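Each chain, letter by letter, is given below.
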Amino acid sequence: MQLSQQQIAEFERSGYLFFPNAFSSDEVGVLKQAANEVYRLEREEVWREKSGVARTAFAAHTYNDAFRRLGAHPRLIEPVMQLLGGPVYMHQYKVNAKAAFDGDVWQWHQDYGTWARDDLMPEPRAMNIAVFLDDVTAANGPLIFLPGSHKHGVVDAGHDLETTSYPLWTLDRETVTRLYQEGGCVAPTGDAGSVLMFSSLLVHASPPNISPMDRTIVYLSLCHVENHIRQFKRPEWVAHRDFTPIEPLPDDTLAELVA
Ligand code: SIN
Ligand code: MN
């Protein structure tokens, strides 16, 4: 999949692109089953909310075949290679549950803020691509974005080690309000199988999910191979140290697993 000039211009303006229904319901079914399997595992990569339900499964592409295939899917990897201008490696891989009733908040942050400060990634030459495994609605804790906030570089942040089970460099209210006044605030929602690509500098968050509906989203964080991290402070399954360029697999790689 290649992006048009119009899509590239839209990405540069807002910091994100939305692709409704990029994966079929059969492909999503394979991935949803895989998510349920990995959430049952007692592994250090599977982090839990205070209630015990899964919050996120890190590096699931290294221990689950469906997620391995998704991690090299051409519908995800090719447009990111196009935008970053060359080969990419997987910096981080998360299957975020945001479970019904218990899914907790992700505070306002920029992903590159954490990658720069904790992992010494040289440039924001990296981005996220999210695959919805459930319908994402206004009700079940969608991602929320401040469009255009990626144009501000790395903004000031404080290290939040307390609010949730996941340490994050988070923005204060004044900064979020100022960026909101410039570009507004949106919640891109859509069906399971939709894909959301966003800049590693885009300011984002998500509210708790108190609805009875799960909101599972897989995040691939891809980085240009020359821009690999320089500091190995975090566990290797949080901030990967394998900088091998990803070779996109055939387009039917997930369809092959449909029973
Ligand atoms: C993230 O920002 O990395 C995750 C947010 C979410 O899954 O809601
Ligand atoms: Mn994030």
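None of these values were measured; they are calculated from a predicted model.

A. Inspection of helix α4 (residues 74–84) at higher detail. Those residues of α4 that fall on the buried side of the exposure criterion are Pro74, Arg75, Leu76, Ile77, Pro79, Val80 and Leu84. At its buried positions, α4 is contacted by α2 (25–39), α3 (65–70), β4 (88–96), β6 (126–132), β10 (195–199) and β12 (217–224). One or two steps after α4, the chain reaches Gly85, where phi turns positive at roughly 75 degrees.

B. Here's a closer look at the site of ligand 1. In the vicinity of ligand 1, the residues found are Lys94, Asn96, Lys98, Trp106, His109, Leu143, His204, Ser206, Arg215 and Tyr219. A distance of 3.1 Å is found between an oxygen atom of ligand 1 and a side-chain nitrogen or oxygen belonging to Lys94. The contact in question runs from an oxygen atom of ligand 1 to an N or O atom on the side chain of His204, over 3.0 Å. Relative to its unbound accessible area of 260 Å², ligand 1 is 98% covered by the protein chains. Among the secondary structure elements, those contributing two or more residues to the shell around ligand 1 are β4, β5 (106–109) and β11 (204–206). For the shell around ligand 1, the class distribution of residues is three nonpolar, four polar and three charged.

C. Seen up close, the pattern of salt bridges. In the structure shown here, the tally under the stated rule is 13 salt bridges. When the shortest N-O distance is used, the salt bridge between Glu49 and Arg55 registers 3.4 Å. Side by side, Glu49 and Arg55 carry an identical accessibility label, which is buried. Each of Asp65, Arg68, Arg69 and Glu256 takes part in one network of salt bridges that share partners.

Calculation criteria
- Residues numbered from 1 in each chain as written.
- Chains lettered and ligands numbered in written order.
- Predicted model: local features only at pLDDT ≥ 70, side-chain atom pairs only at ≥ 80, totals over all residues.
- Heavy atoms only, no water.
- Buried < 20%, exposed > 50% of the residue type's maximum accessible area, 1.4 Å probe, protein only.
- Helix = DSSP H or I, 4+ residues; strand = E, 2+ residues; numbered from the N terminus.
- Contact = heavy atoms within 4.5 Å.
- Near = heavy atom within 4 Å.
- Polar contact = N/O pair within 3.5 Å; in protein donor to acceptor, adjacent residues only side chain to side chain.
- Areas by Shrake-Rupley, 256 points an atom, 1.4 Å probe, with all protein chains shown as cover.
- Nonpolar A, V, L, I, M, F, W, Y, C, P; charged D, E, K, R; others polar.
- Salt bridge = Lys/Arg side-chain N within 4 Å of Asp/Glu carboxyl O.

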